[in-house]
Amino acid sequence: MGPLIPQGIIAPEWNFIIALLLGIGFGYILEAAGFSSSRNLVGLFYGYDFVVLRVFFTAGATAAAGIVLFDYFGWIDVGQLYVQPTYWGAAIVGGLIMGLGFVTGGFCPGTGFAAASIGKLDALMLVFGLFVGAFIYGETYPLIQNFVNSGNEGGIKVYDSLGMSRGFFTFLLILIAVGMFYAVPLIEKRVKKPDY
Amino acid sequence: MQKGTIFLTTVAIGIAFLVWLLPERPEQKELSPQNLLLAIKDDTRFFSTDEVAGMIVGQDPSLQLIDVRDSLEYVKFHLPNAVHIPLTHILDEQNLDLISENDQKHVFYSNGTIRANQAWVLTRRLGYQNTYVMKGGLNRWVETIMVPPKPPTSAPAEAFEQYDFRVAACRFFQGGTAINPVKKQTPVKVVPRRKKKVTASGGC
Amino acid sequence: MEKKDVKKPNPDPKKYMNPYLAGVILGFVLIAAFYFSGRGLGASGVPKRITAATVHVLAPGHTEHSVFYSKYTNKPGGPLKDFLNFEVLGLIIGGFISGALSGRLKFTVEHSPKITSRKRLLFAFIGGILFEYGASMARGCTSGAALGGMAVLATGGFVTMLAIFGGAYMFAYFFRKLWI
């Protein structure tokens, strides 16, 4: 029963090899789906290309439904999966800063690495910015430490927060995703994709 | 609309209904025996009597002492502000509610270490994170805090500091609070204990 | 690398994978990550770890006194021997393989004709700084927090995702000249 490495079913040394293989799959998909072009990515925010929304929500819904099914068949112990702790303030403020970074930089970190790998110099510049950003964060951490660490709710689940059952929330998630997939072409039709 | 689109939509919605209608397994908050064994081997659950005394004297608001002995023993003597949850009642709902409060350190004690340890194993097994054990129990409490042994003259300075602290703490617990000999730099400092995480770590 | 592009192994280098197929495969990769390693994919953790390692080499005293850096440098194995670093190394390799197979390997600065490439590079740099800063606060970026969080239905993942996209829509108007 999974997860295999935290349970000691596979030796921890394999973790890095598996990480490398997973990364190759991840990078391949990001590049092949067109995420190596900032023009495709920011299309989401200007309404001319919703490829990000399609890939992102298909992947999220597939993984969420998959993990629920794995749990049902007893293949994975959901209690041992890493669930990021919820810090409301830090999640919202950090998310807004990331949103600002997205429309200025045109990539997120993962897509930036993928785009840099095929020679996009703007992505390389963004990756360089990531390191500088990490350094600035490290130096200013004492100033924001209290805010960032306040209001820890632990690894809470969204269906509990909304008072639903897990199955029903996953059902809604898939339905919302499919609904969006039908809606976005209507917007794309009205907005011209800039050609460059 | 294309046939392919209709087919894929049907599949997606079919999976959505399937996921909704599948019976849910009861969520396993409980620790597996393997992980429990790891937790038992890890001794960060222990507080020494000195540490507990320091927290009581310092009025640490996060300290929650829990006396797991039976009621006769509790009435006869118990530590200040300790709540009484006999081991036999540890799994009662209202008691588990108390233990589940995450911003407090729930420290079990008994006469020795055994019953407190049993309470700790039970609650850890159920997935409660913030439970601890006062090592040595009240027996060691009496030996170290109430009747502190004087260190031999050859002992290092820390031993004397500890002794001074114990004498002061002893006076504190016997009500003699007129003098305030508890120095600010008491050797007892509660460091937040880092627990080894058993689940995978992650984050971006 | 540029030579390959001249040869153009793929007749139409702009053709991308079907987004839904890509999404399903990415979903499987994500499930595999949870099934094997018990965690999701990520990216923004790598600059943090490598920066911590670099600062540790340049100013070891500084990292030991910093609450932030010591989290990474005091780990057994150090900040570099980590799942995420290997995963991002794979990400770069995977991106390169896909780019090579579809003839997209080329050194370029992609930018709207309305701005100079220097301006594009400058804003990419600023965007990188902001993204990493925000990701460090929110404990994950679009891959780690939003996508991984969605897979395990973590509240924090959904909150971060909504904040990222909400923030991007909020600020999109002011930066439209960069893109359209």
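Just so it is clear, the structure is predicted and the values come from calculations on it, not from any experiment.

### A short note on the overall build of chain A
Here is step 1 of the chain: Secondary structure summary: chain A contains 8 helices and 0 strands in total.
Here is step 2 of the chain: The N-to-C order of helical and strand elements in chain A reads α-α-α-α-α-α-α-α.
Here is step 3 of the chain: Dimensions along the principal axes, computed over C-alpha positions, put chain A at roughly 50 × 45 × 35 Å.
Here is step 4 of the chain: Counting every position in chain A, which comprises 196 residues, the buried fraction comes to 61%.
Here is step 5 of the chain: Taking the intrachain contacts of chain A between residues at least 6 apart in sequence as the baseline, contacts between residues at least 24 apart amount to 64%.
Here is step 6 of the chain: Summing over all exposed atoms, chain A offers an accessible surface of approximately 7000 Å²; the carbon and sulfur share of this is 69%.
Here is step 7 of the chain: Where the 9 positive side-chain charges of chain A centre and where its 11 negative ones centre are 15 Å apart.

### Comments concerning the confidence of the model for chain B
Residue and element names in this part refer to chain B.
Here is step 1 of the chain: Residues of chain B with pLDDT of at least 70 account for 82%, and the chain-wide mean is 79.
Here is step 2 of the chain: With pLDDT under 50 throughout, residues 177–190 is counted as low confidence; its partners more than four residues away or in other chains account for 19 contacts.
Here is step 3 of the chain: In the predicted structure, residues 194–199 sits below a pLDDT of 50 and forms 12 contacts with residues beyond four places in sequence or in another chain.
Here is step 4 of the chain: If you check the scores for this complex, the pTM reads 0.72 and the ipTM reads 0.94.

### Observations concerning the pattern of salt bridges
Here is step 1 of the chain: Under the defined criterion, the tally for this structure stands at 10 salt bridges over all chains.
Here is step 2 of the chain: A salt bridge links Arg104(C) to Glu31(A); the nearest nitrogen and oxygen atoms lie 2.8 Å apart. Residue Arg104(C) is found in the loop between helix H6 (83–101) and helix H7 (117–138), and its partner Glu31(A) is found in helix H1 (residues 14–32); the two belong to separate chains. For the pair shown, Arg104(C) and Glu31(A) are each scored as buried.
Here is step 3 of the chain: With a shortest N-O distance of 3.0 Å, Glu188(A) and Arg54(A) are connected by a salt bridge. One end of the pair, Glu188(A), is in helix H8 (residues 166–190); the other, Arg54(A), is in helix H3 (residues 51–72), and 134 residues separate them in sequence. Accessibility assignment for this pair places Glu188(A) and Arg54(A) in one class, buried.

### Things to note about the packing of aromatic side chains
Here is step 1 of the chain: Inspection of the entire model under this criterion finds 31 aromatic pairs over all chains.
Here is step 2 of the chain: With a centroid separation of 5.4 Å and 85° between ring planes, the pair formed by Phe169(A) and Phe158(C) is classed as edge-to-face. Linking Phe169(A) in helix H8 with Phe158(C) in helix H9 (residues 155–172), this pair reaches from one chain into another. Exposure class is identical for Phe169(A) and Phe158(C). Each is buried.
Here is step 3 of the chain: Ring pairing ties together the aromatic residues Phe45(A), Phe56(A), Phe57(A), Phe102(A), Phe131(C), Phe165(C) and Tyr169(C), which thus form one cluster.
Here is step 4 of the chain: Over the ring of Tyr87(A) we find Arg139(C), and its NZ or CZ is 3.5 Å from the ring centre.

Basis of the calculations
Residues numbered from 1 in each chain as written. Chains lettered and ligands numbered in written order. Predicted model: local features only at pLDDT ≥ 70, side-chain atom pairs only at ≥ 80, totals over all residues. Heavy atoms only, no water. Helix = DSSP H or I, 4+ residues; strand = E, 2+ residues; numbered from the N terminus. Buried < 20%, exposed > 50% of the residue type's maximum accessible area, 1.4 Å probe, protein only. Contact = heavy atoms within 4.5 Å. Areas by Shrake-Rupley, 256 points an atom, 1.4 Å probe, with all protein chains shown as cover. Lys, Arg positive; Asp, Glu negative; His and termini not counted. Charge placed at Lys NZ, Arg CZ, Asp CG, Glu CD. pLDDT = per-residue confidence, 0-100. Salt bridge = Lys/Arg side-chain N within 4 Å of Asp/Glu carboxyl O. Phe/Tyr/Trp six-rings, centres within 6.5 Å; stacked < 30°, edge-to-face > 60°. Lys NZ or Arg CZ within 6 Å of the ring centre and 35° of its normal.

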